[in-house]
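Chains, contacts and geometry: an overview
So the chains spell out like this:
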Number of protein chains: 2
Amino acid sequence: MTQQAAHRRASIADVARAAGVSVGTVSNVLNRPERVLPATRERVEAAIEELSFVRNGSARQLRAGTITTIGAIVLDIANPFFTDVARGIEERLDRDDFTLMVASSDDDPDREQRYLRLFEEHGVQGVMVVPATDDIEHLLAMRRRGTGVVLLDRPSSDPSISSVAVDDVRGGELAARHLLDEGHTRIVFLNGPHTIRQCADRHEGVVKELAAAGLDPASALQEITVTSLNAEGGEAAIRRLLESGERPTAVFCVNDLVALGVLRTLRTENIAVPADMAVVGYDDVAFAAELSTPLTSIRQPTHELGARAADLLLSGPDATAEHVMFQPTLVVRGSSSMPAR
Amino acid sequence: MTQQAAHRRASIADVARAAGVSVGTVSNVLNRPERVLPATRERVEAAIEELSFVRNGSARQLRAGTITTIGAIVLDIANPFFTDVARGIEERLDRDDFTLMVASSDDDPDREQRYLRLFEEHGVQGVMVVPATDDIEHLLAMRRRGTGVVLLDRPSSDPSISSVAVDDVRGGELAARHLLDEGHTRIVFLNGPHTIRQCADRHEGVVKELAAAGLDPASALQEITVTSLNAEGGEAAIRRLLESGERPTAVFCVNDLVALGVLRTLRTENIAVPADMAVVGYDDVAFAAELSTPLTSIRQPTHELGARAADLLLSGPDATAEHVMFQPTLVVRGSSSMPAR
DNA sequence: GGTTCCTCGTGAAACGGTTCATAATGTAGC
DNA sequence: GCTACATTATGAACCGTTTCACGAGGAACC
């Protein structure tokens, strides 16, 4: 290795000079090697090696236009639901040799914007986003400017933007119906803020089902907003509830992480599940079945969700928008239902 | 919204024309608004709005040079260990207004290369990578070319590259020692391929500890390589083992996902844990404590790992390389130890 | 009224690639 | 020996920004 210049990286011009050819030829070696004589090609390749030249992606893209990368923005990269979806995306993308970059908005519209901008400015082919707010005007605008957009885990309110979602209202209904069937008449719902559509929808489903059963949602349902959608959030929320003297018989958690926090707390507080309190989660993550009290949960087809979203994005900007809606299913386990004897 | 031209996005020149100013002025509005008269600024801003202009990041970067983004390449984005690390990275990065893009190599050196190239070509400030192979020559080269590199979860074999890792040999020792203390004299280790350094190191730790106890590792240790480092991999491996007629008394799993698969299988096979078989995992993920048989595991400081790595990357390319090594701790739970009576 | 200084705005030169029309060279055919 | 045609290599234009030396126009001062 000859000594490296301290700063500026080697450019195509440096390579050309070193190999005694023109820049055009170097570019050809890089992009259509068959068009250049083996002898020259080798000379150029040697120069590339020698200078440890790396293409400048910005320059390349500036001239050539597009890039085979797509971006995904999820609410929380530490949530297994989203990473399972990401796996689904990746697998589909691999088939077309596309590349995936994942970013996490942390439910923060500003962060979402920042990443969206970053992706768009860098010319990704498209973006899949789990929007942090209800307002998708900025996504529509992005779409109009020519970057593909697919809404993930959220039905599109606009026909021109594709979406792949799971019916969250139905998920709320399933959970509520199940708890009603188990004889509960009052449900505590540890939910996220309604600015997150999924949360609002699940709430709506619960309300609907309670009403259908002839109960007054105002009294039969208590909604508590957790500070963060993870185990710590669940733990804090249930602890606060218990300290206030309440002892609900049924708790529905907006996701399995929150449910995990609840179960953990109930165990330390010696509250029996499901005898004293039934718990239902959401997402049916891998560990749900193996918990000390196996967790009843609403299963969503994460993999298909991601794969389908990738499909839509790869089908090109001119394809007509599609709105895919998957159905969730209820998986009953010990946390909500006494074993039959 | 006036009708949008079908294709080419508005450029700074279009904006300049629409606002009746020069391109330089538009650029100034974008980058140093205080240098331009409020009246002109407003005119330009109106034009930007009207044309829904978005900066071309490639051009910008080509000219301006650097970008405040860093990339991370992990082995598996669906593994909670890595996403917890990613959270640690994000939080540290936020303080400096840096942006994080995550990609998953899936243990595949080719994919790792691809993402590395992508990141480098796009001029990220630095890259954190959990290398898929032992050979880090390509990372050294990247480092020489001026892109920051920090090895994640893996000690650096080269002094010029920073690394932040957890002592995996020690982790293996802790697990083995614990199982020996519990009276086991033979351990089955469901491990990943030794091309992954963490796996090789943990194996080394186990071997060391067995030898220190006067046992012959050749007979006291059986290593089985799982096909994938997740619950399915664990399930497949333990099932194969059981079908071959073996009934080890102690199983050490290379991570908690694998352990989850094992526990799941043992339950369906009615093999009591820990009475008939002790299980130890690795990573101590959030749900480990709440499993039906709470999982003994080796805890790693994920958050600190990520934060420290981010620190090193942000300290700039000229800072001397540091090699941080955290120590893992053993967390004993019911899956490996009978409750004291 | 002339000099100096400031504030704004301009225009053109980079940045590092890709692409394309064109030139140079060689080969074949007649 | 001339034309026709490949095959390779060249060089300049171009992509859309940022940056910087410079000019125009006022204001302030003597």
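Please read all numbers here as calculations on a predicted model, not as lab measurements.

1. Describing the overall build of chain A
For chain A, the helix and strand inventory stands at 13 helices and 12 strands. Against the compact-globule benchmark of 20 Å for 341 residues, chain A has a radius of gyration of 26 Å, which places it well outside the compact range. Considered along the principal axes of its C-alpha atoms, chain A spans approximately 85 × 45 × 35 Å. Counting the 341 residues in chain A, one finds 51% classified as buried. For chain A, contacts bridging at least 24 residues in sequence account for 69% of all contacts bridging at least 6.

2. Digging into the pairing of strand S8 (residues 250–253) of chain B
Residues and elements named next belong to chain B. Across the two faces of S8 the burial is the same, with Ala-250 and Phe-252 and Val-251 and Cys-253 all buried. Where S8 and strand S9 (residues 278–280) come together, three bridges link them in parallel fashion. Directly across from Ala-250, in S9, lies its bridge partner Ala-278. Taking the sense of rotation as the criterion, the β-α-β connection linking S8, helix H12 (residues 256–268) and S9 turns out right-handed.

3. A closer look at the packing of helix H11 (residues 231–243) of chain B against H12(B)
Residue and element names in this part refer to chain B. Put simply, H11 and H12 touch, their axes get as near as 6 Å, and they point 50° apart. The angle between the axes of H11 and H12 places the two elements in the oblique class. Every pair of crossing elements has a handedness; the one defined by H11 and H12 is right-handed. On H12, the residues that touch Ala-231, Glu-232, Gly-233, Gly-234, Glu-235, Ile-238 and Arg-239 of H11 are Leu-257, Val-258, Ala-259, Leu-260, Gly-261, Val-262, Arg-264 and Thr-265.

4. Considerations on the protein's contact with DNA strand D
Inspection of the region around DNA strand D gives 28 residues, with Gly24(A), Val36(A), Thr40(A), Ile12(B) and Ala59(B) positioned closest. Contributing elements (two or more residues each) for the surface near DNA strand D: helix H2 (23–31) and helix H4 (57–64) of chain A together with helix H1 (12–19), helix H2 (23–31) and helix H4 (57–64) of chain B. Ranked by residue count, the leading element in the surface near DNA strand D is H2(B), at six residues. Of the residues that constitute the surface near DNA strand D, the class distribution is 12 nonpolar, 11 polar and five charged.

5. A word on the protein's contact with DNA strand C
Around DNA strand C lies a shell of 27 residues, among which Ile12(A), Ala59(A), Gly24(B), Val36(B) and Thr40(B) are the nearest. Of all the elements in the fold, those that place two or more residues in the surface near DNA strand C are H2 and H4 of chain A together with H2 and H4 of chain B. Of the residues forming the surface near DNA strand C, the biggest block, six residues, is contributed by H2(A). Its residues assigned to classes, the surface near DNA strand C comprises 11 nonpolar, 11 polar and five charged.

6. Considering the environment of His203(B)
The residue His203(B) is located in helix H9 (residues 197–212) in this model. Along the sequence, His203(B) and Glu173(B) sit 30 residues apart, while their C-alpha atoms lie 8.7 Å from each other.

7. Quick notes on the interface of chain A and chain B
Facing 47 residues of chain A, the contacting portion of chain B comprises 47 residues. Those elements that provide at least two residues to the side of chain A that touches chain B are H4, helix H5 (80–95), strand S2 (99–104), helix H6 (109–121), helix H7 (137–144) and helix H12 (256–268) of chain A. Tallied by class, the residues present in the side of chain A that touches chain B amount to 21 nonpolar, 14 polar and 12 charged.

8. Things to note about H6(A)
Helix length check: H6(A) (13 residues) gives 18 Å between terminal C-alpha atoms against 18 Å at 1.5 Å per residue, within 8%. Restricting attention to buried positions, one finds in H6(A) the residues Glu112(A), Tyr115(A), Leu116(A), Leu118(A), Phe119(A) and Glu120(A).

9. Points about the relation of the copies chain A and chain B
A rotation about an axis combined with a shift along that same axis relates the two copies of the chain. The operation relating chain A to chain B is a screw motion whose rotation component is 180°, with 0.0 Å of axial translation and a residual RMSD of 0.0 Å. Expressed as an axis order, the relation between the two copies is that of a two-fold axis. The residues that chain A uses at the interface reappear at the interface of chain B in 100% of cases, marking a shared surface.

10. Describing the sheet that holds strand S8 (residues 250–253) of chain A
All names here are of chain A. Across the sheet, six strands lie side by side as S7-S6-S8-S9-S10-S12; this open sheet has mixed pairing. Among the strands making up the open sheet, the edge pair consists of strand S7 (221–225) and strand S12 (329–331). Going across the sheet, the axis of each strand differs from the next one's by a mean of 20°, ignoring polarity. For strand S10 (residues 296–299) and S12, the ladder comprises three bridges, and the chain directions are antiparallel. Its bridge partner lying in S12, Arg-299 is registered against Thr-329. The sheet strands contacting helix H8 (residues 168–181) are strand S6 (187–191), S8, strand S9 (278–283), S10 and S12, and the helix crosses S9 at an angle near 160°.

11. What about the pairing of strand S3 (residues 126–129) of chain A?
Residue and element names in this part refer to chain A. Burial along S3 is two-sided: Gly-126 and Met-128 facing one way and Val-127 and Val-129 facing the other are all buried. Pairing of S3 with strand S4 (residues 148–152), which is carried by four bridges, proceeds in the parallel orientation. Residue pairing across strands places Val-127 opposite Val-149, the latter belonging to S4. Tracing the backbone out of S3, into H7 and back to the parallel element S4 gives a crossover that is right-handed.

12. Let's talk about the sheet that holds strand S7 (residues 221–225) of chain B
Residues and elements named next belong to chain B. Spatial ordering of the open sheet is given by S7-S6-S8-S9, a layout of four strands whose pairing is parallel. Unpaired on one side and paired on the other, S7 and S9 mark the two borders of the sheet. Averaged over all pairs of adjacent strands, the angle between strand axes in this sheet comes to 20°, irrespective of strand direction. Each of strand S6 (187–191), S8 and S9 touches helix H8 (residues 168–181); the most contacted strand, S9, lies at about 160° to it. Set on the sheet, H9 makes contact with S6, S7 and S8; between it and S6 the angle comes to about 170°.

13. Looking at the nonpolar core
Grouped together as the largest cluster of nonpolar side chains are 176 residues, with contacts concentrated most on Cys253(A), Val279(A), Cys253(B) and Val279(B). Sequence-distant contacts of Cys253(A), that is, excluding residues within four places in its chain, are made with Leu190(A), Gly234(A), Val258(A), Ala259(A), Val262(A), Val279(A), Val280(A), Gly281(A) and Tyr282(A).

14. Some words on unusual backbone geometry
Val273(A) connects to Pro274(A) through a cis peptide bond whose omega is 5°. Checked against the element boundaries, Pro274(A) lands in the loop between H12 and S9. Residues other than glycine seldom take positive phi values, yet Ser52(A) does so here, at roughly 40°. Structurally, Ser52(A) is set in the loop between helix H3 (38–51) and H4. Given 15 C-beta atoms within a 10 Å radius, Ser52(A) is considered partly exposed. Backbone geometry at Asp153(B) places phi at a positive 60°, although glycine is not the residue there. Tracing the backbone through its elements, the reader meets Asp153(B) in the loop between strand S4 (148–152) and strand S5 (162–166).

Procedures and definitions
- Residues numbered from 1 in each chain as written.
- Chains lettered and ligands numbered in written order.
- Predicted model: local features only at pLDDT ≥ 70, side-chain atom pairs only at ≥ 80, totals over all residues.
- Helix = DSSP H or I, 4+ residues; strand = E, 2+ residues; numbered from the N terminus.
- Rg over C-alpha atoms; globule rule 2.2 N^0.38 Å.
- Buried ≥ 20, exposed ≤ 12 C-beta atoms within 10 Å, placed from the backbone.
- Contact = placed C-beta atoms within 7 Å.
- Pairing = 2+ DSSP bridges.
- Right-handed = clockwise from strand over helix to strand, strands pointing away.
- Axes fitted to C-alpha atoms, helices over the stretch in contact; angles between N-to-C directions.
- Parallel < 35°, antiparallel > 145°, perpendicular 65-115°, else oblique.
- Left-handed = near helix turned anticlockwise from the far one by under 90°.
- Near = placed C-beta within 6 Å.
- Nonpolar A, V, L, I, M, F, W, Y, C, P; charged D, E, K, R; others polar.
- Expected span 1.5 Å × (residues − 1).
- Least-squares fit on C-alpha atoms with pLDDT ≥ 70 in both.
- Core = buried A, V, L, I, M, F, W, Y, C linked by C-beta atoms within 7 Å.

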